[in-house]
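# Observations on the model geometry
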Amino acid sequence: MSMSNSLKKLSSCVLIDLDGTLLNTDGVVGDILRKYLCKYGKQWDGRESLKIVGQTPLEAATTIVEDYGLPCGVDEFNSEFYPLFSAQMDKIKSLPGATRLIRHLKCHGVPMALASNSSRANIETKISHHEGWKECFSVIVGRDEVSKGKPSPDIFLEAAKRLNKDPEDCLVIEDSVPGVMAGKAAGMKVIAVPSLPKQTHLYTCADEIINSLLDIRPEKWGLPPFQDWIENTLPIDPWHIGGPVIKGFGRGSKVLGIPTANLSTKDYANELVEHPSGVYFGWAGLPTRGVYKMVMSIGWNPFFDNKEKTIEPWLLHDFTEDFYGEELRLIIVGYIRPEANFTSLESLVAKIHEDREVAERALDLPSYAKFKNDPYLTK
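Residues numbered from 1 in each chain as written. Predicted model: local features only at pLDDT ≥ 70, side-chain atom pairs only at ≥ 80, totals over all residues. Heavy atoms only, no water.

### Details of the side chain of Glu174
Just so we agree on the cut-off: Here a helix means four or more residues in a row that DSSP labels H or I, a strand means two or more in a row labelled E, and each is numbered from the N terminus. Any pair of N or O atoms that falls within 3.5 Å is considered a polar contact. Within protein, one atom must be able to donate a hydrogen and the other to accept it, and sequence-neighbouring residues count only if both atoms are side-chain atoms. Contacts are assigned to residue pairs that have any heavy atoms within 4.5 Å of one another.
Looking at the secondary structure, you find Glu174 in strand β5 (residues 170-174). Within polar-contact distance, the side chain of Glu174 engages the side chain of Lys150 at 2.5 Å. A polar atom in the side chain of Glu174 sits 3.4 Å from the side chain of Ser176. For Glu174, the contacting residues outside a window of four places in its chain are Asp17, Thr21, Lys150, Phe156, Gly179, Val180, Ile191, Ala192 and Val193.

In structure tokens, the structure reads:
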């Protein structure tokens, strides 16, 4: 999304945060807090997410107890919350691009360290549920192994020391503001992958800001490039969504000249959290009509400043009539680019048509075309 002045020195190792960077820990934490706060007559609405992202567990607990005015102390909160959290650790999913990045760096012999504000034992438990992860990291450093947690640089400096690397040789990948501050305070180069939407303005001290791990380009930092992009597209693990077509914002055909077939997001809250905003493509099935090529956006559409994250598929076919209410099935098989803002409506429309061309060409390739026959699309 952005990158600072030209790099002075290339990187020889990578230090990666865990929660919010590699793992979707926030999703599980939110689910637990939503139920936990009910007993105090409170409702978790995510308003404290910005405050607790990147904090140590003790700091996060203190924030929640104080901001929600809970009639319990921090110790009592932790004694009740953490058994619930521990029982759910096996349900914490990796974020898109996480396993791909880890395996790529490991395959090319790039030294890696996990550097987290969580305790060492907590880190070990979380990664044990993700096959092959532990073996990829030469070093693991937790908050309980240093004097101060992030935003202090201690965790990253200790990781560099154990890797026998100078700080200026290290590249940090972080999702939180405290983490980015810690990396910069350590004298390291930092890529920020903000875990909360519409907050990139808080990460200006990072050397680069990207939308998700799908967008990382290791070669910018002197590291081996990925070789898995095909015709300007990135293959992803296929995923499915479906439901009746609903009326959207009324701007697809009228404003953009691009008729989108919108789906309700109420049944796909988890999918919206799990998948980064951006432009994807795949196949769309209308059981009574057929299967069609499809390109779609997920996100807030910065040009129109959506208040909610949406899914807006464009079926690449000229239909002669609307099909509101009909069942639409989608299989998403590839990624094109991150969500972006535009200076004019014309530039937005031009980019959407460029996305269409990329998707149409890609879906003719055997690696993507085979999914046209997925039975989910027509059942």
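### Overview of the domain arrangement of the protein chain
The condition is simple: Where each domain begins and ends follows an automated or database-derived domain assignment.
In terms of domain boundaries, the protein chain breaks down into domain 1 (13-21 + 92-221), domain 2 (25-91) and domain 3 (234-377). The distance between the C-alpha centroids of domain 2 and domain 3 comes to 35 Å.

### Here we look at the side chain of Lys150
Let me state the cut-off plainly: Burial classes follow relative accessibility: with a 1.4 Å probe on protein chains only, a residue under 20% of its type's maximum area counts as buried, one over 50% as exposed, and anything between as partly exposed.
Along the chain, the position of Lys150 falls in the loop between β4 (139-141) and α8 (154-163). On the accessibility criterion, Lys150 (2% relative accessible area) is buried. Polar contacts involving the side chain of Lys150 include one to the main-chain carbonyl oxygen of Ala115, which spans 2.7 Å. If sequence neighbours within four positions are ignored, Lys150 has contacts with Asp17, Ala115, Ser116, Asn117, Ile155, Phe156, Glu174, Pro178, Gly179 and Ala182.

### Comments concerning the pairing of strand β2 (residues 13-16)
The condition that has to hold: Here, strands pair whenever DSSP counts at least two bridges between them.
Burial of the side chains of β2 extends over both faces: Cys13 and Leu15 are buried on one face and Val14 and Ile16 on the other. Relative to β5, β2 runs parallel, the two sharing 4 bridges. Counterpart to Leu15 in the pairing with β5 is Val172. Here β2 runs beside strand β3 (residues 112-115); their pairing, made up of 3 bridges, is parallel. Looking across to β3, one finds that Ile16 is bridged to Leu114.

### Re the pairing of β3
Taking every second residue as pointing to the same face, both faces of β3 are buried, with Met112 and Leu114 on one and Ala113 and Ala115 on the other. Note that β3 and β4 share 3 bridges and pair parallel. Pairing of Ala113 across the sheet is with Val139, part of β4.

### Examining helix α3 (residues 57-67)
All buried positions along α3 are accounted for by Ala60, Ala61, Thr63, Ile64 and Val65. Where α3 terminates, the next one or two residues include Gly69, which has phi positive at roughly 60°.

### With respect to the nonpolar core
As a reminder, the rule being used: Note on terminology: a nonpolar core comprises buried Ala, Val, Leu, Ile, Met, Phe, Trp, Tyr and Cys residues joined through side-chain atoms within 4.5 Å.
Counting residues in hydrophobic clusters, the biggest one holds 49 residues, and the most contacted among them are Val14, Leu22, Leu70, Phe77 and Phe137. It is helix α1 (residues 25-36) that provides the largest number of residues to this core, a total of 5 residues. Viewed by domain, this core spans two of them, domain 1 (13-21 + 92-221) and domain 2 (25-91), each represented by three or more residues. Sequence-distant contacts of Phe137, that is, excluding residues within four places in its chain, are made with Ile16, Leu22, Ile102, Met112, Ala113 and Leu114. In terms of nonpolar packing, the next biggest core, distinct from the first, is built from 24 residues, Tyr280, Tyr292, Phe323 and Leu328 among them.

### Looking at the pattern of salt bridges
This is how it is decided: Salt bridges are defined as contacts in which a side-chain nitrogen from Lys or Arg sits within 4 Å of a carboxyl oxygen from Asp or Glu.
Tallying each qualifying case throughout the model produces 22 salt bridges. A salt bridge links Lys150 to Asp17; the shortest N-O distance between them is 3.0 Å. Note that Lys150 is positioned in the loop between β4 and α8 and Asp17 in the loop between β2 and α1, a separation of 133 residues in sequence. The buried category is assigned to Asp17, whose relative accessible area is 5%. When the shortest N-O distance is used, the salt bridge between Arg337 and Asp355 registers 2.8 Å. Highlighted residues: Arg337 in strand β13 (residues 327-338) and Asp355 in helix α12 (residues 345-362), separated in sequence by 18 residues. The class of Asp355 is buried, set by a relative accessible area of 4%.

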